[in-house]
Amino acid sequence: MTTSAENVAKTDKTMKACRVHAFGPPEAIIQEQVEIPAPGKEEVLIKVHAAGVGPWDGWIRSGNSALPQPLPLTLGSDLSGTIEAVGEGVTHVARGDAVYGVTNPRFIDAYAQYAIAVAGMIAAKPKSIGHVEAASIPVIAVTAKQALFDHAKLTAGQTVLIHGAAGNVGAYAVQFAHKAGLKAIATASGGDIDTVKRLGADVVVDFRSQRFEDFAGDVDAVIDLVGGETQTRSFAVLKQGGRLISAVSQPDQELAKAKGVEALFFLVNVTTKELRDIAAMVDAGELETNVGDVLPLDAAITAHEMLEGKRPHAKGKIVLQVA
């Protein structure tokens, strides 16, 4: 028979986590008590205050991740919280620091009360916002920034076509492009046109009633956040030597070669440096975040039903509030 003292000790060493033991629909997510992990070398243990919910979480849960994902696993990658413990070799953060970022290169483990994160994938949280907003930022903002500058290699004065500009990644891409002095042509649906213009797009095309080919030609780069036919049609508006950068699917390499352009799909690489740069922009009022629905950790299944369009949800990033 266990004593009340033993129960308290056990509770102190375990945490709630939203886990998957078999790939499947949102109902595959199970909340259970698991042991609180300890950080290893170059790792930190974070007391999670909020965890972002993104499409990649759904891909992992359903078994469609681009990365190997051995089971069982805890879902989630974006997070914001406070440092509970640091592992060997960690010097840029300390216990009690408020941080945000991503857990690890597999994009798992954040839907929990505590999470281990690679130290090189977190940074000090922006001071001007709370944990919920901070947890909405990392993957989508860094994806937008790297698409424009690391992969498309754009510089001031060049022209970029951004597809899906009202989406979570697209909204950051428009803001980064505007701040960098790029001419941004964006595609969005009618109800989002004013918002995308306010974020800094020079031209906004209503993809439901207009053809982007009529507004864009000889652009230096296309940022594809839509895929499919939109991606294929985009080759026609690129200038010779231009770049098509997709965050959703591998572009047609034969078509790219025939058009004399470069085309690539990339996976985001979240780093402390990128997160510091973004935090500074947020604190300077240069980046606008967009949080949609905020749900408790217990509602992870509901959050994934929203991701898949099975439930209505507000525009913006879905966030689980943990602590």
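Our subject is the structure that appears above.
Quick caveat, the model's predicted, so the values are computed rather than measured.

Focus: the overall build of the protein
Scanning the protein from N- to C-terminus turns up 10 helices and 16 strands. Scaling as 2.2 N^0.38, a compact globule of 323 residues should have a C-alpha radius of gyration of about 20 Å, and the protein matches this with 21 Å. Dimensions of the protein, computed from C-alpha atoms along their principal axes, come out at roughly 75 × 40 × 35 Å. Within the protein, buried positions represent 51% of all 323 residues. Contacts spanning at least 24 positions in sequence make up 64% of the contacts within the protein whose residues lie at least 6 apart. Surface accessibility of the protein: about 14200 Å² in total, with carbon and sulfur atoms responsible for 51%. With 30 positive and 37 negative side-chain charges, the protein shows a spacing of 1 Å between the two charge centroids.

Here we look at the side chain of T143
The topology assignment puts T143 in helix 4 (residues 138-151). For T143, the residues in contact, after removing those within four places along its chain, are V169, A247, F266 and V268.

Notes on the nonpolar core
Grouped together as the largest cluster of nonpolar side chains are 83 residues, with contacts concentrated most on V44, Y111, L148, V160, I162, I223 and I278. Those residues in contact with V160, other than ones at most four positions away along the chain, are L148, L154, A177, L182, K183, A184, I185, A221 and I223.

Examining helix 10 (residues 300-307)
The complete set of buried residues in helix 10 reads A300, A303, H304, E305 and M306. In the core, the buried residues of helix 10 are packed alongside strand 1 (14-20), strand 2 (29-35), strand 3 (43-53), helix 2 (55-62), strand 15 (291-296) and strand 16 (317-321). Positive backbone phi, approximately 75 degrees, marks G309, located one or two places after helix 10.

Some words on the side chain of D192
Locating D192 in the fold gives a position in the loop between strand 10 (183-188) and helix 6 (193-199). Taking the relative accessible area as the measure of exposure, D192 reaches 10% and is therefore buried. When neighbours within four sequence positions are excluded, D192 is seen to be in contact with A166 and K315.

Reading the values: rules and limits
The numbers attached to residues start from 1 for each chain and follow its sequence in the written order. pLDDT decides what is reported in this predicted model: residues at 70 or higher carry local features, side-chain atom pairs at 80 or more are listed and counted, and totals for whole chains, interfaces and linings draw on all residues regardless. Neither water nor hydrogens contribute to the side-chain values; these are computed over all heavy atoms in the structure. Where helices and strands are cited, they refer to DSSP runs of H or I of at least four residues and of E of at least two residues respectively, numbered from the N terminus. Computation of the radius of gyration draws on C-alpha atoms alone. For the globule rule, the value is 2.2 Å times the number of residues to the power 0.38. Accessible area is worked out with a 1.4 Å probe on protein chains only. A residue is then buried under 20% of its type maximum, exposed over 50%, and partly exposed in between. Note on contacts: a residue pair qualifies if any of its non-hydrogen atoms lie within 4.5 Å across the two residues. For the area figures, the Shrake-Rupley method with a 1.4 Å probe applies, and any residue is considered shielded solely by the protein chains shown. All tallies of charge rest on Lys and Arg as positive and Asp and Glu as negative; His and the ends of each chain are not included. By convention, the point assigned to a charge is CZ for Arg, NZ for Lys, CD for Glu and CG for Asp. Take the buried Ala, Val, Leu, Ile, Met, Phe, Trp, Tyr and Cys residues and link them wherever side-chain atoms come within 4.5 Å; each set so joined is a nonpolar core.

Read these as spatial facts, not as claims about activity.
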